Amino acid sequence: HSGRHYPDDFQSLLRVPLMDLRRVEDAFIDQMISPVSELGIGTLSAVFARSYVDLNRSETELDSRMFSDGAPTPAGERSPRVEAGLGCIPRIAASGQDIHLRKLSRDEAEARLQEAYRPYHRALTNWLNLIKRRCGRSVLIDCHSMPSLVAGRRIRTDIVIGTRHGASCDEGLARTVENHFLALGYKVARNMPYAGGYCTQHHGRPLEDRHALQIEINRRLYMDEDTVRLKPGFYKLQSDMK
C-alpha cells in the first residue's frame, strides 16, 4: 500500500498542500519489503497515492456527495469509512479539510478507477488464483503503515496483525507471524486498532485455503512522520521483515 505518484491533473485540483496528503501515505513500504523478492516471493506494489485512489477499499465505497453528476459505481456504498471521508476516492486530507477544490465528475472518477484501481486488483486476483491452482493454497501478506498518533492518542504497539478477527486466515499463520515479530523484540497486537481492510476481507477465505493477513507497521519506527523522510531504523526493520 505504498503509492506516492500524484498526477499533475490531480495536483491542479488540490485544496490542501501536497504534504497533507503525503502524511497519509504508507510511505516506503514497497522499499521495506522489496528484499523478500530474493526469496522467490511475489510482490505487488501500489504506484498511485492513496489520496488519488485508495486500493484498500471496495470500488463501491464512494461518497456520492463528491460528484457533480453521480458516483461512477452504481451502489454508492455507505460505510463508516465513507462517512469519515475515506472512501475509495478519499474526500478528506489528514488535516480534516476537503482534498479537492470542486466536485469531481463521474468521468473523472471513472478514469481513476480504470487507470489505478482495477489494474491493481486484476493483477492481485490473477496472481492469487494462479498460486492457488499451482499450490493448492494461497497466502496474501498485505503490508501497511500506521501513524504513531491516532485521535490524539499515541500508539505504543510496533506491529498490528490483522486477521479480520480470525476470519481471513488460518490461526497457525497468524501465530507464526506474531511469534517471529515478538522474538525480534517488537510490541505486537492482534486486530486492534486495525483488523484488516478490503484486501484482507476480500481475499481471505481460509475455508477455501485462501489466506490473507494484514501487517501494520508503526511509522515512528522508521520515518519522520512530519517530513516523510526515512530514519536509520528503516534498515533494521527492512532486514527484520525479510
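See the structure shown above.
Before going into details, it helps to say that this report is about the structure given with it. (Residues numbered from 1 in each chain as written. Predicted model: local features only at pLDDT ≥ 70, side-chain atom pairs only at ≥ 80, totals over all residues. Heavy atoms only, no water.)

Spatially, 4 strands are ordered S1-S6-S4-S5 in an open sheet, and the strand pairing comes out mixed. Where the open sheet ends on each side, the last strands, each with one partner, are strand S1 (138-146) and strand S5 (188-190). Across the sheet, the mean angle separating the axes of adjacent strands is 20° when strand polarity is ignored. Relative to S1, helix H5 (residues 106-135) is tilted by about 145°, and along the sheet it contacts S1 and strand S6 (210-218). Across the sheet, helix H6 (residues 171-183) is in contact with S1, strand S4 (159-162), S5 and S6; its angle to S5 comes to roughly 160°. (Pairing = 2+ DSSP bridges. Helix = DSSP H or I, 4+ residues; strand = E, 2+ residues; numbered from the N terminus. Axes fitted to C-alpha atoms, helices over the stretch in contact; angles between N-to-C directions. Contact = heavy atoms within 4.5 Å.)

On to the state of the cysteines. Counted according to the given criterion, the structure contains 0 disulfides. Considering cysteine sulfurs only, Cys 199 is the nearest to Cys 143, which forms no disulfide, with 11 Å between them. Left unpaired, Cys 199 is separated from the closest cysteine sulfur, that of Cys 88, by 10 Å. Classification of Cys 199 by relative accessible area gives buried; the value is 4%. (Disulfide = S-S within 2.5 Å. Buried < 20%, exposed > 50% of the residue type's maximum accessible area, 1.4 Å probe, protein only.)

For side chains bearing opposite charge, pairing can occur when the charged atoms are close. A full pass over the atoms with the stated rule returns 24 salt bridges. Residue Arg 57 pairs with Asp 54 through a salt bridge whose shortest N-O separation is 3.8 Å. Comparing Arg 57 with Asp 54, the two get one shared label, buried. Residue Arg 220 is joined to Asp 158 by a salt bridge in which the shortest nitrogen-to-oxygen separation is 2.8 Å. Residue Arg 220 is located in the loop between S6 and strand S7 (223-224), and its partner Asp 158 is located in the loop between strand S3 (153-154) and S4; the two are separated by 62 residues in the primary sequence. (Salt bridge = Lys/Arg side-chain N within 4 Å of Asp/Glu carboxyl O.)

Nothing here speaks to function; it is all geometry.
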